[in-house]
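# Notes for the structure review
So the chains spell out like this:
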Amino acid sequence: MLGAGAALAACGGSGGGNANGEISDKSVTLRFTWWGSDARHKRTQQVIDAFTKAHPTITIKGEFKDWNGYWDALATTVAANDAPDIIQMDEMYLASYAERGALLDLKTADKHLTTADFDAKALATGAIDGKQYGVPTGLTAYSFVANTDLLDKYKVARPDDATWTWDDLKTIAARISQASGGKVTGTQSMGFDIGGVNIWARQHGAALYSPEGKVAIPPDVLASFWQYQVDLAKDGAAPPASVTVERATAALDQSGTATNSSAFGTWWNTQLTSLAAASGQKLTLLKLPGESATPGSYYKPSMFWSISSRSKQPAEAALFVDFLANSQEAADIMLTDRGVPANTRIRAGVLPKLTETDKTAAAYLDSIKVGEAPRVTPNGASDVEAILKRYTEDVLFARKTPADAAAGFIKELQAAIDAA
């Protein structure tokens, strides 16, 4: 995707119409692109049909792909000045497109697109330098998933997640590992998704990125994150490196949580439903350790609705995004397919229609205290999780010390940003 950078740069700036102009009374065709499963495609087509029934002069042409093919196709169309009008966007790639002028500032479309029912911290996840490039479809938050059946089996009390600390987790996890004779480890290791690093940095009064988009996490803070993972494995509270790495590269249903071989694990709250289905045991969400001292929790967008800056029909595109984001009819079709709705009014409206685990995930969002949104992943940093995974493996296998890994990670990530 980033290989199209030079071409993307050439297409910066708006080449379309007035986003706050009048809706045309003539026939208009909009292209709408998204990634996802067959189930998502069917739900999305139902939403399109509902919109076009209410707006018969507007035709929506869907263009959908799987995740792997989506970004190459999007980069190609954007570079050729042939981007779809409405784009399903991911946080990792938002800045890559926005900072090259490929996305519309949605604040310029406020006549047709309202965001009044969105929490300001949720909207901030799609903002860069004061411009709104994406409206979040849904929200997630980092959590610990606990297997309460395993806790009961090994006679370990559920921790008080309003006050527990990272030291408490280490102690409880080691107790579970010991009580099970090694059949179950207390917790899974972290370090394979950027959520854990973000939380750790924020709880230490820092951030992964500065507002200007530079790598800002202090080396000693990052080193302490990896040292904690080393200590968990050394104490038997987490699996050995070989098991951890094998699970980290496997599907969700092969994880320690899903296979009931770890009592605790870090996950995004909306993954609870899939984990519970795979596990077959009682799982619950716990707030993160360490939050009572310096809260690090934040909203992560599941994905965004964005509009191409080159759209020739931005007003109509904004009207459709407004329907996606604010219509109860659309929400009743999509439910949590694109995350627990970020729109607070819509979230309350769909809640009675959700499964018990989805209700739990939605309630979790309302139960935590979140800080300001982290800086959107900078242009050039879209591969941050692949970089993180390599350094985590090096640390767990003792190929690098936590301090050396921190220095290397920061240098490599900053170089990727500088080269973009």
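Before reading further, recall that the structure is shown in the block above.
Keep in mind that what you see is a predicted model, and the values were worked out from it rather than measured.

## Some remarks on the pattern of salt bridges
Taken as a whole and judged by the stated rule, the model has 16 salt bridges. In this structure, the salt-bridge partner of arginine 390 is glutamate 412, at a minimum N-O distance of 2.3 Å. On the criterion of sequence distance, the pair formed by arginine 390 in helix α16 (residues 384-396) and glutamate 412 in helix α17 (residues 402-419) is long-range, its members being 22 residues apart. Judged by relative accessible area, which is 41%, arginine 390 ranks as partly exposed. Residue class for glutamate 412 comes out partly exposed when judged on its relative accessible area of 28%. Three or more residues joined by partner-sharing salt bridges are found here, namely Arg31, Glu63 and Asp82.

## Overview of the packing of aromatic side chains
Taken as a whole and judged by the stated rule, the model has 25 aromatic pairs. Between the aromatic rings of tryptophan 268 and tyrosine 298, the centroid separation amounts to 6.3 Å while the plane-to-plane angle is 75°, which identifies the pairing as edge-to-face. Taken together, the positions of tryptophan 268 in strand β10 (residues 262-268) and tyrosine 298 in the loop between β11 (283-286) and β12 (300-301) put the pair 30 residues apart, joining distant regions of the chain. Owing to a relative accessible area of 13%, tryptophan 268 belongs among the buried residues under this scheme.

## Considering the pairing of β10
The buried count for β10 comes to seven of seven residues, which makes it a mostly enclosed element. Pairing of strand β8 (residues 142-147) with β10, which is carried by five bridges, proceeds in the antiparallel orientation. For phenylalanine 144, the partnering residue across the bridge sits in β10 and is threonine 266. In this structure, strand β9 (residues 185-187) lies alongside β10, joined through two bridges in parallel fashion. Across the sheet, residue threonine 185 finds its bridge partner in β10, namely serine 262.

## As for α16
The periodicity of an α-helix, 3.6 residues per turn, causes residues three or four positions apart to be oriented the same way. Taking 1.5 Å of rise per residue, 13 residues should cover 18 Å, and α16 covers 18 Å from first to last C-alpha, within 8% of that figure. Buried within α16 we find Val384, Ile387, Leu388, Tyr391, Thr392, Glu393, Asp394, Val395 and Leu396. Residues of α16 that are buried sit in contact with α4 (91-98), α8 (194-203), α9 (219-234), α10 (241-248) and α17. Immediately beyond the C-terminal end of α16, within one or two residues, lies alanine 398, with a positive phi of roughly 60°.

What counts and how
Residues numbered from 1 in each chain as written. Predicted model: local features only at pLDDT ≥ 70, side-chain atom pairs only at ≥ 80, totals over all residues. Heavy atoms only, no water. Salt bridge = Lys/Arg side-chain N within 4 Å of Asp/Glu carboxyl O. Helix = DSSP H or I, 4+ residues; strand = E, 2+ residues; numbered from the N terminus. Buried < 20%, exposed > 50% of the residue type's maximum accessible area, 1.4 Å probe, protein only. Phe/Tyr/Trp six-rings, centres within 6.5 Å; stacked < 30°, edge-to-face > 60°. Pairing = 2+ DSSP bridges. Expected span 1.5 Å × (residues − 1). Contact = heavy atoms within 4.5 Å.

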